[in-house]
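# Coordinate analysis (summary)
The primary structure of each chain is shown beneath.
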Amino acid sequence: MRVIGFAIYYAGALACLLFVTVPVSLVLAGVSVVAGAGAVLVAAGLVLAGPSGAGLLTPDAARHGLPGRVAREFVRRDPAWPQYFAAQAALDANATAGRAWTWASGAWRSGIRWLSVNDCGGYWWPIVVLPVLTVLAAGTAGALVALPACLLVIAAITLTAWLGGLPLVYLLRGVDAGWRLTWRSRASCTACFATAAVPAYRCRGPHGPAQRSSGDDLHRDLRPGRLGVLWRRCACGLRLPTMVLRAAHSRHLETCCPSCGETLFDGAGRIRDVRAPVFGAASAGKTQFIMAALVGLHRAAERSKVVLTMPDNRGRVAYAVYTDLISRSAPAPKTDTTAPVAVTVRIEQRLNTTLLHLFDAAGETLTDREQNAGLSYLDTAETLTFVLDPFSIRRIRDEHGAASASVFADANAALHDPGDAYNATAQRLQEYGVRTSRNRLAFVVTKADLLRRLPLTAPATDSAAVREWLCAHGLENLVLTAERDFGQVRFFLVSGRDTDPDGPVSVLRWVLGRGWGDLG
Amino acid sequence: MADPRTRLPAVHRLSRLTILLVIVALAVWFGTSPAVLSAVDRATAVITDITATIWRPLTETG
């Protein structure tokens, strides 16, 4: 009897499986494929249109989580949102796949658990097991087709963005670099003497005191890149322009020194930057030369309708003192030996704008090998100015020292040997790896007015005549050494009290070079 | 107001929305394309055929 019962049950089960379950499963399979594909679309929608939060590459997370390295000079990743296609698109694709996987695996787990809890439907297994397994398998198959398609779309759009963005990034960087090369622009700091092709920029957005003190408001590499092609979004939410050229005009950014954080002059990094260190022995007349050169430059600018301004208060104060001393024919004050003085002048004529930094250090500091190690501004100057006091030349002193004692007293002659004064700085440059053969040297013989009071034939003011005169007075070695060390040397004879175009300002014209040769 | 350090920038949301729109547009285009519609028709026909074949012993008498 039992055998007959089993036979009837299994016959009915087989019939049910064949005539009902299989057709129903076929229909369910079709529907489940579409549902699986639709679930992937919903997953993508939830990731892409959902609320932002988890899975975001925030500026803080990007500091270490964004692929690619930060160049050593830029220290660390700037506090800005990475460009969407730089990393977030990949994270979103990953999140979509993760969500689809979570749903699929969850569906399988739930389905299998339901079957096991319910003993595969018990006596009803013929109409339960196959449809459940069919729905799970077909749904997964639909998802497996739709998910790669979704990821492919994200990948294609990301690739398109990279293909368009990458050349644009390098084009814009090239524009910046081309501008720097053409105008010889650079950002230089008069506080720590560091120079940089790309200055740092401090965001003026709503940063808290903690961010300000930790430097989290500082953008060290504002070039187009992973953090933005044309614009970048600061961590504070402010939209900032990329490129040094555009950043210089932004009211949201303050140009800073990347080394010490000191605020730099307006336009630093964009406009031409000329660093002009003046060196020589103590009492050689360096400060007097700078005073006359600055006052003369101001007068020359007025004559040429060129706008000349002192962009910082320190420069304005120094210029006021210099003007006063020059008008009274008073001697320059002794330069402080504690720190070198940097006076910056901004010269503008239409598109041609130049920041001229004149660096003056005490002769004692320059000639002392230990102290001059800190004068790093010497290393980054294209043109240096060596000031030589003719009254410190041994032959002049020996021949005229006694007979023209009053002139020597007025000259307050430098006691240091000119060769030693030159060598101390030249050797420092070479020890610090400066290739002086690429640099120019203005070899300035000062105190021309006093020199003419001596009973000797003073040279003409042209370079060859001054050179010849120096050689004739026992400085041939120094002249040859200077000419061997530097790529170009020009000799000048000036008076530290002369503010005419032929005076010290002529040296500045040569130092400034291109674009300002006819100033004054 | 949400913390700007964790609030996705508008341009990011726009990029996400663009991708989503492209995905939806492609899905709609693909789902309504003649190839897919004819594939659905063929699948329906196959299922109908299989069902009819299975049920033939029940529907055909004598």
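Refer to the structure presented above.
In short, a report on the structure. Treat the numbers as computed from the prediction; the structure is a model and nothing was measured. Just so you know, the residues in each chain are numbered from 1, in the order the chain's sequence is written. Chain A is the first chain written and ligand 1 is the first ligand written, with later ones labelled in order. Thresholds applied to this predicted model are a pLDDT of at least 70 for local features of residues and 80 or more for the giving and counting of side-chain atom pairs; totals over whole chains, interfaces and linings are not thresholded and use all residues.

So, about the overall build of chain A. Under the DSSP-based scheme used, a helix requires at least four consecutive residues in state H or I and a strand at least two consecutive residues in state E, with every element numbered from the N terminus. The secondary structure content of chain A amounts to 15 helices and 14 strands. Radius of gyration (C-alpha) of chain A: 39 Å, far over the 24 Å computed for a compact globule of 520 residues. Expressed along its principal axes, the backbone C-alpha trace of chain A runs to roughly 150 × 40 × 40 Å. For every residue, the other C-beta atoms within 10 Å of its own C-beta are counted; 20 or more classify it as buried, 12 or fewer as exposed, and values in between as partly exposed. C-beta atoms are placed from the backbone. Counting over 520 residues, chain A shows a buried share of 43%. What counts as a contact is two residues whose backbone-derived C-beta atoms lie within 7 Å of each other. Relative to all contacts within chain A whose residues are 6 or more apart in sequence, the contacts with residues 24 or more apart total 77%. Every radius of gyration here is taken over C-alpha atoms, with the globule rule written as 2.2 Å times N^0.38, N being the number of residues.

Turning our attention to the nonpolar core. All names here are of chain A. By size, the foremost hydrophobic cluster in this structure holds 102 residues, and its most contacted members are Ala293, Leu294, Leu297, Phe386, Phe443, Val444 and Phe492. Per element, the largest residue contribution to this core is ten residues, and it comes from helix H7 (residues 286-303). Among residues more than four places away in sequence, those in contact with Leu294 are Tyr319, Tyr322, Val343 and Val345. Note on definitions: a nonpolar core is a set of buried residues drawn from Ala, Val, Leu, Ile, Met, Phe, Trp, Tyr and Cys, linked by C-beta atoms within 7 Å. One finds Ala43, Phe85, Ala86 and Ala95 within the second-largest nonpolar core, a separate group that totals 27 residues.

By the convention used here, strands pair only if DSSP detects at least 2 bridges between them. Reading across the sheet, the three strands line up as S4-S3-S7 (chain A) and stay open at both edges, with antiparallel pairing between neighbours. Every interior strand has two partners, whereas the edge strands, strand S4 (218-219) and strand S7 (253-256) of chain A, have only one.

Another point: unusual backbone geometry. All names here are of chain A. In the Ramachandran plot, Met243 falls in the positive-phi region, its phi being about 75° despite a non-glycine side chain. Examined against the element boundaries, Met243 turns out to sit in the loop between strand S6 (239-241) and helix H6 (244-247). For Met243, a count of 19 C-beta atoms within 10 Å puts it in the partly exposed group. Of note, Lys447 is a non-glycine position whose phi angle comes to about 55°, a positive value. One can find Lys447 in the loop between strand S13 (440-445) and helix H13 (448-451). By C-beta crowding, Lys447 is classed as buried, having 29 other C-beta atoms within 10 Å.

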